[in-house]
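Inside the fold
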Amino acid sequence: MARPKIQYQCSNCGHTSAKWLGLCPSCGEWHTFEEHESQPSAGKKHKVDISEESSSKALRLSEIEVKSTERTSTGLAELDRVLGGGLIRGSLLLLGGDPGIGKSTLMLQSAAKTPDKTILYVAGEESASQIKQRASRIGLKGDNLLIWTDTRIQSVIAQARSIKPDLMVVDSIQTVFSDDLSSLPGSVQQIRECSAMLQQISKKEGITTLMIGHVTKEGDIAGPRILEHMVDTVLHFEGDQSQLHRLLRGVKNRFGPAHEVGVFEMRDSGLHEVLNPSDLFLSEMDENVSGNAVACIMEGSRPILVEVQALVTPSSYGTPQRTAGGFDQRRLQLLLAVLEKRAGMAFSGQDVYLNIAGGIRISDPAADLAVMKALASSLTDKPADPKTVYIGEAGLGGEIRRIPYIDRRLREAEKMGFRKAVLPGRETSVKSDLSLVVTDTVRKAVGS
Ligand code: TYD
Ligand code: MG
């Protein structure tokens, strides 16, 4: 018999190598390589046999029957929105997020809202009585919810086969394991093997399966990044634990729009859907306080008004501070440089603090103008109008660039009772009840 071969595998992404490596060339993590024995598969080489005729035939596109992709509601409008209208039968989903963010709560609430669906809940993280306690807290009766606490994958599959639920929730994929493997639950090998088995059963039996996965501090779904390509849909549940709101973000979606966002609020009675997120992120802006300006960002296809707050104060140390919360620090530095060079404002010798109210993180470049207005307002100590929304991306030459979805953004501002909008100069065809100020330079825009 051939001797087992020693191989090294990255515990983060599963990359294998014949030699031990300090730095994984695939995912860039340090010190993640572990020794594995790989049994050579005796003579089981995948050779392509060109002499034999294959019995199956490639199909013409026109001959392929389209299976119905009927969607069923999850009972939560925000979750449905991110999924593109609901769950598709037999699909495989991954819900990732930090521990304690509310993934289990979300799935339990969805179960409570769909009493006519049978849901098999594989609970590897909590005991059945803990789940019961939480369910009572959020008012879930749960006659349709079946809890299974044995996390051996073989027993999970057997349960799924016998119950044939409409939805199976595996909480979490890091706790299920196969007896056939020697590695610990949560290792790359186990996760890969178990999710492949879950994929098979979900496709074969038409059971929609949602796997919950914890994320690492870097934001990857821990270890199982390898899972992202094999599932149909990847959702991330994110938010600051010190804040109430939670964002459910579609990262990948084979059956609908990707990058849609659902907004929830975590309260004592569980997660509540936020149908109008602008309400959540707009505080009552004081018209006498300088340094605030309102932006309208897009999250998926959804416009959200957010308040940008800046504080510019003379620096007491040699190197001025630049601190950004909820906004990219380097983008802040770039916008400061544009203001200095193109609008003649002096930020050297000033500490600059920038914050996005409500704890949301923004990356839409359309917020540039509001950020610059907030900075300029704090520097000059002249408050901005709280009923004006600033929309536009800043160019390095001090020009304001066009951004997509201008109509939707303006409609949102109208809906929220705004009076005026400052927009990029080329947006001449837009119609709105707001009073529109179209300008093509940063210098003019921050002065409006
Ligand atoms: P949980 O769903 O267990 O998070 P995850 O499954 O992502 O690890 O959520 C746990 C957190 O949510 C916990 O810190 C308490 C909080 N929580 C509430 O604030 N209100 C509630 O009604 C519930 C059920 C949980
Ligand atoms: Mg949980």
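So, here is what we can say about the structure in this document. The shown structure was predicted, so the numbers you read here are calculated from the model rather than taken from an experiment.

Moving on, we get to the overall build of the chain. Across its full length, the chain holds 10 helices and 23 strands. Taking all 448 residues of the chain together, 40% fall into the buried category. Contacts in the chain between residues far apart in sequence, at least 24 positions, make up 66% of those at least 6 positions apart.

Glancing now at the packing of helix H4 (residues 153-163) against helix H5 (residues 188-205). Interhelical geometry of H4 versus H5 gives an angle of 10 degrees and a closest axis separation of 10 Å. Relative to H5, H4 is oriented roughly parallel. In this structure, H4 uses Ile153, Ile157, Ala160 and Arg161 to contact H5, whose residues at the interface are Cys194, Met197, Ile201 and Glu205. Within the contact of H4 with H5, the residues separate by chemical class into six nonpolar, no polar and two charged.

Moving on, we get to the site of ligand 1. Taken together, 15 residues lie near ligand 1, and Gly102, Lys103, Ser104, Thr105 and Gly270 sit nearest. Every element with two or more residues in the shell around ligand 1 is listed here: helix H2 (103-113) and helix H3 (128-137). The dominant element in the shell around ligand 1, judged by the number of residues it contributes, is H2, at three residues. Residue classes in the shell around ligand 1 are distributed as four nonpolar, seven polar and four charged.

Counting residues in each nonpolar core, the largest one holds 111 residues, and the members touching the most others are Ala295, Leu375 and Ile391. Broken down by element, the residue count for this core peaks at eight residues, all from helix H8 (residues 368-380). Taken together, domain 2 (72-275) and domain 3 (279-447) each give at least three residues to this core, which thus spans both.

Turning our eyes to something else, we now look at the sheet that holds strand S8 (residues 145-148). With respect to topology, nine strands assemble into an open sheet ordered S8-S7-S9-S10-S6-S11-S12-S13-S14, the strand pairing being mixed. What marks the edges here is a single partner per strand, and that holds for S8 and strand S14 (270-273). The sheet shows a mean angle of 25 degrees between the axes of neighbouring strands, direction not considered. As judged from the four bridges shared by strand S7 (residues 119-123) and S8, these two strands associate in the parallel manner. Along S8, the bridge assignment pairs Leu120 with Leu146. Those strands touched by H2 are strand S6 (92-97), S7, S8, strand S9 (167-171), strand S10 (208-214), strand S11 (233-238) and S14, and its axis lies near 70 degrees from that of S14. Along the sheet, H5 makes contact with S6, S9 and S10, crossing S10 at roughly 160 degrees.

Moving on, we get to the pairing of strand S17 (residues 322-325). As paired strands, S17 and strand S18 (residues 350-356) are joined by four bridges and run parallel to one another. Considered in S18, the bridge of Gly325 is made with Asn355. Handedness of the crossover joining S17 and S18 through helix H7 (residues 329-343) is recorded here as left-handed.

What follows concerns unusual backbone geometry. Cis rather than trans, the peptide bond between Asp171 and Ser172 has omega equal to 0 degrees. Here Ser172 shows up in the loop between S9 and H5. Backbone geometry places His259, a non-glycine residue, at a positive phi of 65 degrees. You can see His259 is positioned in the loop between strand S12 (245-253) and strand S13 (261-267). Judged by the 14 C-beta atoms lying within 10 Å of it, His259 falls in the partly exposed class.

The next subject is the environment of Arg81. By the secondary structure assignment, Arg81 is in helix H1 (residues 77-83). For the pair Arg81 and Ser17, spaced 64 residues apart in sequence, the C-alpha separation works out to 42 Å. With residues near it in sequence (within four places) discarded, Arg81 still touches Glu260 and Gly262.

Calculation notes
- Residues numbered from 1 in each chain as written.
- Chains lettered and ligands numbered in written order.
- Predicted model: local features only at pLDDT ≥ 70, side-chain atom pairs only at ≥ 80, totals over all residues.
- Helix = DSSP H or I, 4+ residues; strand = E, 2+ residues; numbered from the N terminus.
- Buried ≥ 20, exposed ≤ 12 C-beta atoms within 10 Å, placed from the backbone.
- Contact = placed C-beta atoms within 7 Å.
- Axes fitted to C-alpha atoms, helices over the stretch in contact; angles between N-to-C directions.
- Parallel < 35°, antiparallel > 145°, perpendicular 65-115°, else oblique.
- Nonpolar A, V, L, I, M, F, W, Y, C, P; charged D, E, K, R; others polar.
- Near = placed C-beta within 6 Å.
- Core = buried A, V, L, I, M, F, W, Y, C linked by C-beta atoms within 7 Å.
- Domains from an automatic or database assignment.
- Pairing = 2+ DSSP bridges.
- Right-handed = clockwise from strand over helix to strand, strands pointing away.

Interpretation in functional terms is not warranted from these geometric data alone.
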